[in-house]
Amino acid sequence: MSRLNLYLDNPAFDVVTGACPHDCPDTCSWQVAVDRATGAAVDLWGHPDHPITQGRLCGKVDRYLERTYHKDRLTAPLRRVGSKGSGRFERVSWEEAIADIARRLRAIIEEYGPEAVLPYSYSGTLGFLQGEGMASRFFNRMGASQLARTICAEAGFQGYLYTIGAAEGMLPEDFAFSRLILIWGSNTLTSNLHLWPFIQQARKRGARVLVIDPANTRTAQASDEWIPIRPGADAALALAMMHVIISEKLYDADYVARYTLGFEQLVERVQTWTPARSAEITGVPPERIAALAHEYATTRPAGIRINYGLQRHYGGGMAVRTITCLPALVGAWRERGGGVQLSSSGLFRHLDKSGLHRPDLLEKAKAEQQKDNAGSPTRPFPRVINMNRLGDALSRDPERIARAHYHPRPIDPIPTPEEAGPPVKALIVYNCNPAAVAPDQAAVLEGLRREDLFTVVLEHFQTDTADYADYLLPATTQLEHWDLHRAYGHAWIALNRPAIAPVGESLPNSEIFRRLAWAMGYDDPCFRESDEEILRAFVEAQTHERFAGLTWERLLNEGFFRLNLPEPYLPFAEGNFPTPSGKCEFFSARMAEDGYDPLPDYTPPRWRQLHAEEAALQPGERSEAIASFDGALVCISPPAHSFLNSTFANSPRFLQREEQPFLWIHPQEARPRQIEDGARVRVCNSYGEVTLTARVTEAIVPGTVLAPGVWWPKFSPDGRNINQTTPPDEADMGAGALFYDATVWVEPLSPGQMDKPILSLRGEFAKL
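Residues numbered from 1 in each chain as written. Predicted model: local features only at pLDDT ≥ 70, side-chain atom pairs only at ≥ 80, totals over all residues. Heavy atoms only, no water.

A. The overall build of the protein, seen in detail. Of regular secondary structure, the protein possesses 30 helices and 27 strands. Since a compact globule built from 768 residues should have a radius of gyration of about 27 Å, the 26 Å found for the protein is in line with a globular shape. Here the C-alpha coordinates of the protein stretch approximately 70 × 65 × 60 Å along the principal axes. Burial analysis of the protein (768 residues in total) assigns 62% to the buried set. For the protein, contacts bridging at least 24 residues in sequence account for 75% of all contacts bridging at least 6. Element-wise, carbon and sulfur atoms account for 49% of the exposed surface of the protein, whose accessible area totals about 28,000 Å². (Helix = DSSP H or I, 4+ residues; strand = E, 2+ residues; numbered from the N terminus. Rg over C-alpha atoms; globule rule 2.2 N^0.38 Å. Buried < 20%, exposed > 50% of the residue type's maximum accessible area, 1.4 Å probe, protein only. Contact = heavy atoms within 4.5 Å. Areas by Shrake-Rupley, 256 points an atom, 1.4 Å probe, with all protein chains shown as cover.)

Right under this line is the structure:
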């Protein structure tokens with residue numbers, strides 16, 4: 001029975017429909033019971049009528065009221081009174097905070113130009129309005145530096161787009177009709193829970209579920225078989241599967257002839273990718289590779305769920321590109337239950353966001369910039385900064401600032417230091433906790449400590465990033481504001497209505513940026529629109545056929561809306577790929593134009609390239625840095641089950657569940673290092689180090705360690721987390737992050753070693 005029945009006919013309560021805001025493909029619809037007498041939310045549950053949510057929330061969001069009413073919730077604006085990082089603040093009024101922030105921003109812009117202001121945000125909320133709606137208007141009007149939000153999935157997206165044309169494919173309900181399901185690099189039970197019921201439906205009909213992953217995750221343990229694979233080796237496995245499928249003529253010749261491009265070149269490419277060659281790279285036995293290829297090609301329909309973990313290494317874009325060739329090769333797209341899913345966000349690619357983000361305001365800022373400066377810059381204005389290189393961006397070194405510029409393709413130039421633009425003098429952080437989540441944590445913290453950096457943070461809690469703020473502004477949670485969400489794991493849009501009044505003096509992000517705009521003197525009418533007016537206009541602006549039937553009134557009445565798509569939706573059953581050729585592109589001319597190999601291939605992860613360099617050297621030729629590479633392990637850092645990135649990582653309930661920051665290590669690696677289960681270990685590389693607790697287990701492949709994240713450093717034993725060791729380097733496509741491509745050394749700690757200095761090899765490894 002739904003909890004709705006407890007409140008529906010009770011006059012003491014209102015029931016308000018909303019949506020989960022968090023970075024998850026499921027984008028659940030929820031309902032909140034509100035006590036009419038007190039105005040307090042007393043209960044929350046998954047909406048029983050939503051076809052994906054089906055009345056159930058994950059274990060994290062089911063406790064969302066604990067987040068909204070957390071004892072440490074920020075409820076008033078704060079101004080720093082201690083040193084940066086000390087976390088010491090005094091309470092101030094909103095009027096005082098907004099006026100002083102605007103004054104300091106104007107002074108920075110006057111001296112250094114608007115590019116000296118950098119917004120930094122990601123997926124604390126995925127709402128259209130509280131995410132980047134009013135914020136985009138504000139920063140466009142200012143002409144601030146722009147942020148390339150590459151930290152999660154950009155490499156895989158680009159690889160998928162080169163092959164398929166748009167980020168769409170199977171929908172979650174389609175997996176109920178699969179006869180074989182490959183969960184490839186995804187821990188569904190932790191990060192995509194609402195897909196699992198559809199997978200279970202398929203299993204009841206006889207489907208087999210195989211998990212391909214370096215770790216024996218919760219999902220792998222619940223599947224029919226775990227296929228362990230080394231990190232970053234997925235493309236090598238897919239190439240060998242295609243080798244078997246083509247050489248044994250198991251492919252769908254008719255589908256290939258009608259709806260694919262470049263089959264002849266693909267045949268030549270995979271010719272040398274035998275299971276034996278792949279086994280050397282993947283660690284998967286050649287006979288298992290051959291059997292997997294047979295099972296995949298001969299079981300109809302077969303569905304593949306790939307996720308973002310497998311693309312968080314140097315070859316991640318090519319890995320996704322290569323895997324997504326498989327369904328077209330065997331004709332899996334013909335039937336419901338066949339194909340692949342990375343994300344459904346491409347279903348919404350026809351959304352018109354111009355009225356929401358107001359890019360025309362940037363044109364006004366550009367005109368003002370040209371008027372104030374003689375001549376024009378040698379690069380586009382404003383500059384775009386890769387969020388993965390925040391440490392470089394916050395440096396005062398022009399060469400490092402230039403390196404932080406976004407250059408997603410090989411053909412994209414890196415500006416010279418002279419073209420890099422001004423140093424970042426103001427950082428405005430919202431919906432993100434970069435001190436915990438960004439790569440190269442030591443460099444990020446060094447930048448945040450700059451006394452000449454003016455930092456404003458919009459937050460619910462005093463995070464590690466908030467400790468470095470000059471002003472800390474309290475933002476509302478999802479229960480307290482309007483917003484609109486689209487999913488990236490299904491085809492539904494959901495409206496979030498505020499259920500309660502803002503807690504304390506907290507304000508929605510939209511209102512904070514609205515007030516800042518007024519204080520900055522931006523008199524554009526769009527900064528006078530209310531949240532409800534903005535969202536209503538956004539909905540009414542949609543004219544594409546996929547949004548036929550979507551109205552503001554319908555969202556108010558029903559709470560959610562499915563895109564106007566056929567049911568079942570078989571996007572590529574007869575080709576119609578949104579690529580330049582209209583076909584699944586085994587050969588991509590666009591890739592060649594962008595500086596890539598136009599065919600599927602294996603691009604080794606960074607850690608394997610270092611191993612290859614080491615092996616190629618003759619005795620006596622090895623540098624000190626290469627020599628010190630001996631004994632290194634590959635580190636991956638997927639999310640802890642109870643955290644969502646760094647969200648929920650300050651909840652006492654979830655901290656207790658996760659116990660402490662662990663490092664999974666295989667017995668084969670633990671024994672020679674004299675590491676016992678439960679021992680404290682130092683995990684270090686050229687970027688930094690962190691102290692973790694060893695969990696000696698066969699649930700991780702040898703040669704690899706796993707550190708569940710993202711712990712707040714302030715709740716970690718040594719005040720650091722695993723991102724001390726994450727490199728800021730970019731993946732092969734889209735300038736994505738390398739969270740699963742760190743190389744580390746692991747050693748046990750004795751009590752006397754706890755204060756040992758951090759290993760410093762940054763200079764030695766700069767050339768690697």
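B. Inspection of the sheet that holds strand β3 (residues 41-46) at higher detail. Within the open sheet, the 3 strands sit side by side as β1-β2-β3. Their pairing is antiparallel. The open sheet terminates on both sides in strands that have one partner only, identified here as β1 (13-19) and β3. On average, adjacent strands in this sheet sit at an angle of 25° to one another, irrespective of strand direction. Where strand β2 (residues 29-35) meets β3, 5 bridges bridge the pair, whose relative direction is antiparallel. Counterpart to Trp 30 in the pairing with β3 is Gly 46. (Pairing = 2+ DSSP bridges. Axes fitted to C-alpha atoms, helices over the stretch in contact; angles between N-to-C directions.)

C. Molecular detail of unusual backbone geometry. Going from Arg 300 to Pro 301, the amide bond is cis rather than trans, its omega being -10°. Of note, the amide linkage connecting Phe 381 to Pro 382 takes the cis form, showing an omega dihedral of -5°. Along the chain, Pro 382 falls in the loop between α17 (360-372) and β14 (384-386). Even without being a glycine, Asn 645 presents a positive backbone phi close to 55°. Mapped onto the fold, Asn 645 is located in the loop between β22 (633-636) and α28 (652-658). Positive phi is not limited to glycine here, since Gln 674 has a value of about 55°. Mapped onto the elements of the fold, Gln 674 is located in the loop between α29 (667-670) and β24 (680-684). On the basis of relative accessible area, Gln 674 is assigned to the exposed category, the value being 68%.

D. Here's a closer look at the pairing of β22. On β22, burial covers both faces: Leu 633 and Cys 635 on one face and Val 634 and Ile 636 on the other are all buried. Relative to strand β27 (residues 742-748), β22 is paired through 3 bridges, and the arrangement is antiparallel. Across the sheet, Val 634 pairs through a bridge with Thr 743, a residue of β27. Bridging between β22 and strand β26 (residues 704-706) involves 3 bridges; their strand directions are parallel. Bridging from a neighbouring strand, Val 634 pairs with Thr 704 of β26.

E. Up close: the side chain of Ser 588. Relative to the elements of secondary structure, Ser 588 occurs in the loop between β21 (584-585) and α25 (589-593). In this structure the side chain of Ser 588 is engaged in a polar contact, spanning 3.1 Å, whose partner is the backbone nitrogen of Met 591. Residues contacting Ser 588, with those up to four places away along its chain left out, are Tyr 162, Arg 321 and Pro 598. (Polar contact = N/O pair within 3.5 Å; in protein donor to acceptor, adjacent residues only side chain to side chain.)

F. Examining the pattern of salt bridges more closely. The final tally for this structure, using the stated rule, is 58 salt bridges. Here Glu 225 and Arg 288 are joined by a salt bridge, their closest N and O atoms 2.8 Å apart. Taken together, the positions of Glu 225 in strand β10 (residues 225-228) and Arg 288 in helix α13 (residues 286-298) put the pair 63 residues apart, joining distant regions of the chain. (Salt bridge = Lys/Arg side-chain N within 4 Å of Asp/Glu carboxyl O.)

G. Local environment of the layout of surface pockets. Quantified by volume, the second largest pocket comes out at close to 1,400 Å³. Together, 43 residues line the second largest pocket, and Tyr 122, Glu 132, Arg 149, Lys 353 and Arg 486 are the ones closest to its centre. Elements that contribute at least two residues to the lining of the second largest pocket include exactly α4 (133-142), β7 (146-148) and α5 (154-164). (1 Å grid on protein atoms, 1.4 Å probe; cavity = no way out; pocket = protein on both sides within 12 Å on 5 of 7 lines; lining within 4 Å. Points joined across faces, edges and corners; volume = space filled by probe spheres on them.)

H. Highlighting the environment of Ile 304. Relative to the helices and strands, Ile 304 resides in strand β12 (residues 302-306). Distance from Ile 304 to Leu 342, taken between C-alpha atoms, is 8.8 Å for residues 38 residues apart in sequence. Excluding residues that lie within four positions of it along the chain, Ile 304 makes contacts with Met 170, Phe 175, Leu 182, Trp 184, Tyr 296, Ile 323, Leu 326, Pro 327, Gly 339, Val 340 and Gln 341.

I. Spatial organisation of helix α23 (residues 531-540). By the burial criterion, the buried members of α23 are Asp 531, Ile 534, Leu 535, Phe 538 and Val 539. Down the axis of α23, the buried set is contained in an arc of 130°. They therefore lie on one face. On its buried face, α23 is in contact with α4, α16 (354-357), β18 (483-486), α22 (509-520) and α24 (552-558). (Arc of directions from axis to C-beta.)

J. Main features of the nonpolar core. Ranked by internal contacts, the top residues of the largest apolar core, which has 115 residues, are Tyr 120, Trp 184, Tyr 296, Leu 326 and Trp 333. If you look at the next biggest cluster of nonpolar residues, it comprises 58 residues, including Ala 135, Phe 138, Phe 454 and Val 456. (Core = buried A, V, L, I, M, F, W, Y, C linked by side-chain atoms within 4.5 Å.)

K. Quick peek at the side chain of Asp 467. By the secondary structure assignment, Asp 467 is in the loop between β16 (454-459) and β17 (471-474). Among the polar contacts made by the side chain of Asp 467, one reaches the side chain of Lys 714 at a distance of 3.0 Å.

L. The sheet that holds β27, seen in detail. Read around the barrel, 6 strands follow the order β22-β26-β23-β25-β24-β27 and close on themselves; strand pairing throughout is mixed. On average, each strand axis in the sheet is inclined to that of its neighbour by 45°, with strand direction left out of account. Direction of pairing for strand β23 (residues 662-665) relative to β26: antiparallel, over a ladder of 2 bridges. Across the sheet, residue Ile 665 finds its bridge partner in β26, namely Val 705.

M. The arrangement of the pairing of strand β8 (residues 180-184) in detail. In terms of burial, β8 is largely enclosed, as 5 of its 5 residues are buried. Side chains of β8 alternate between two faces, with Leu 180, Leu 182 and Trp 184 and Ile 181 and Ile 183 buried alike. In this sheet, strand β9 (residues 208-213) lies alongside β8 in parallel orientation, the contact comprising 5 bridges. Across the sheet, residue Trp 184 finds its bridge partner in β9, namely Ile 212.

By themselves, these are just geometric observations and shouldn't be taken as functional.
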